[in-house]
Amino acid sequence: MWQNESHGIVNQPPEQGIPVMITWNYGGNNVAVEGSWDNWASRKALQRAGKDHSILMVLPSGVYHYRFIVDGEERYVPDLPNVADEMGHVCNLLDVNDHVPENPEGVSEFEAPPSPESSYGQAFPGEEDFAKEPMAVPSQLHLTVLGMENSDTGSSSKPQHVVLNHVFIEKNLASKSVVALGLTHRFQSKYVTVVLYKPLKR
């Protein structure tokens, strides 16, 4: 069995540890993790979010061995660094460190340069601009089409082109729900309606 290669214990105060996210995305219902951070003394259950399982741990600096227990079977992530012992048991490796660059100011070269002042052509409004009368509102906005009586004035102000969108979501206790999106386009007296359906799986 592997021994802990770091100094300290996992239950240190958070300010003395480093947050580490451990994730399992290879299926399973009950997923837990155990490792050398506490000399394999305990298993910690991972929280499920969709198809992924994850847990946030705070560990001291060091190199740890760990493995997952998925539905009672020992598993490891093949895409991450791993090592096998003399018995053929495979575990993943976790390198936790709090390395800080010696020259933090060196990362400033990766910042985006500021925009040149010459690229801004809009002059700041002055007092004379605030003294001017506001622009006139388009005449169409003074009339309300909905609820207007059928008259010559109303028909002349009626917009020729209108688009109406409607979303409907049906939530059932079943495993599937439906989302419907309806789009209605009107030009003068012609109407075109398109309805799109999409099932939502829980």
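Refer to the structure printed above.
Rules used throughout
- Residues numbered from 1 in each chain as written.
- Predicted model: local features only at pLDDT ≥ 70, side-chain atom pairs only at ≥ 80, totals over all residues.
- Heavy atoms only, no water.
- Helix = DSSP H or I, 4+ residues; strand = E, 2+ residues; numbered from the N terminus.
- Buried < 20%, exposed > 50% of the residue type's maximum accessible area, 1.4 Å probe, protein only.
- Contact = heavy atoms within 4.5 Å.
- Areas by Shrake-Rupley, 256 points an atom, 1.4 Å probe, with all protein chains shown as cover.
- Core = buried A, V, L, I, M, F, W, Y, C linked by side-chain atoms within 4.5 Å.
- Patch = residues over 30% accessible without salt bridge, like charges linked within 9 Å, V, L, I, M, F, W, Y side chains within 5 Å.
- Salt bridge = Lys/Arg side-chain N within 4 Å of Asp/Glu carboxyl O.
- Pairing = 2+ DSSP bridges.
- Phe/Tyr/Trp six-rings, centres within 6.5 Å; stacked < 30°, edge-to-face > 60°.
- Axes fitted to C-alpha atoms, helices over the stretch in contact; angles between N-to-C directions.

S.K.: So what exactly am I meant to see when it comes to the overall build of the protein chain here?
M.R.: Broken down by element type, the protein chain carries two helices and 12 strands. Put simply, the protein chain runs from its N terminus to its C terminus through helices and strands in the order β-β-β-β-β-β-β-β-β-α-α-β-β-β. Across the 202 residues of the protein chain, 22% fall into the buried class. Counted over contacts in the protein chain with a minimum sequence separation of 6, partners at least 24 positions apart contribute 58%. Of the roughly 16000 Å² of accessible surface on the protein chain, a fraction of 56% belongs to carbon and sulfur atoms.

S.K.: So what exactly am I meant to see when it comes to the nonpolar core here?
M.R.: When a protein is soluble and globular, its nonpolar side chains tend to lie buried together. Ranked by size, the top nonpolar core spans 18 residues in total, and within it I22, V33, W37, F68 and L94 carry the most contacts. Only β1 (18–24), β2 (31–35), β5 (52–59), β6 (62–70) and β9 (90–96) provide two or more residues apiece to this core. Ignoring any residue separated from it by four or fewer positions in sequence, one finds V33 in contact with I22, S42, R43, K44, L46, I55, Y66, R67 and F68.

S.K.: Where do I start with a nonpolar patch on the surface in this structure?
M.R.: On the surface, a cluster of nonpolar side chains totalling about 490 Å² of accessible area is made up of V167, I169, L181, V192, V194 and L196. Put simply, the parts of the chain that give the nonpolar patch at least two residues each are β10 (161–170) and β12 (190–201). Take the nonpolar patch: its biggest share by element is three residues, from β12. Relative to the elements of secondary structure, L181 occurs in strand β11 (residues 176–187). Residue classification places L181 among the partly exposed positions, given a relative accessible area of 30%.

S.K.: Would you take a moment to explain the pairing of β9 for this structure?
M.R.: Consecutive side chains along a regular strand alternate between the two faces of the sheet. Pairing of β6 with β9 involves five bridges; the strand directions are antiparallel. In the sheet register, H65 faces β9, and the bridge partner there is L93. Between strand β8 (residues 82–84) and β9, which pair antiparallel in sequence order, lie five residues; one of them, G88, sits at a positive phi of approximately 90 degrees.

S.K.: Before we go on, may I ask you to explain the packing of aromatic side chains in this structure?
M.R.: Both the distance between ring centres and the angle between the ring planes are used here to describe each pair of aromatic rings. Scanning all chains against the criterion turns up five aromatic pairs. When the centroid spacing of 5.2 Å and the interplanar angle of 55 degrees are considered together, the rings of W24 and Y26 count as tilted. Judged by its relative accessible area of 0%, W24 falls in the buried class. Since its relative accessible area comes to 33%, Y26 is described here as partly exposed.

S.K.: I tried to follow the sheet that holds β1 on my own but got confused; where do I start?
M.R.: Two pairing modes exist for strands in a sheet, parallel and antiparallel, and in both the strands are linked by backbone hydrogen bonds. Reading across from one edge, β1-β5-β4 is the order of the three strands in this open sheet, with antiparallel pairing throughout. Among the strands making up the open sheet, the edge pair consists of β1 and β4 (47–49). If you compare each strand with its neighbour and ignore which way they point, the axes differ by 35 degrees on average. The sheet contact formed by β4 and β5 spans three bridges and is antiparallel. Following the sheet pairing, Q47 is matched in β5 by S54.

S.K.: Would you explain unusual backbone geometry in this entry?
M.R.: In the Ramachandran plot, N39 falls in the positive-phi region, its phi being about 60 degrees despite a non-glycine side chain. Looking at the secondary structure, you find N39 in the loop between β2 and β3 (44–45). A relative accessible area of 45% means that N39 is categorised as partly exposed. Look at Q188: it is not a glycine, yet its phi comes out positive at around 55 degrees. By secondary structure assignment, the location of Q188 is in the loop between β11 and β12. By relative accessible area, Q188 is classed as partly exposed at 46%.

S.K.: Sorry, what's going on with the pattern of salt bridges here?
M.R.: Should their charged atoms come close, side chains of opposite charge can pair. This model, assessed by the stated rule, comprises four salt bridges. Here R43 makes a salt bridge to E34, at a shortest N to O gap of 3.1 Å. On the accessibility criterion, R43 (51% relative accessible area) is exposed. As a salt-bridge pair, R67 and E74 come within 3.9 Å of each other at their nearest N and O atoms. Judged by its relative accessible area of 47%, E74 is partly exposed. When salt bridges that share partners are traced, they join E34, R43, R67 and E74 into one network.

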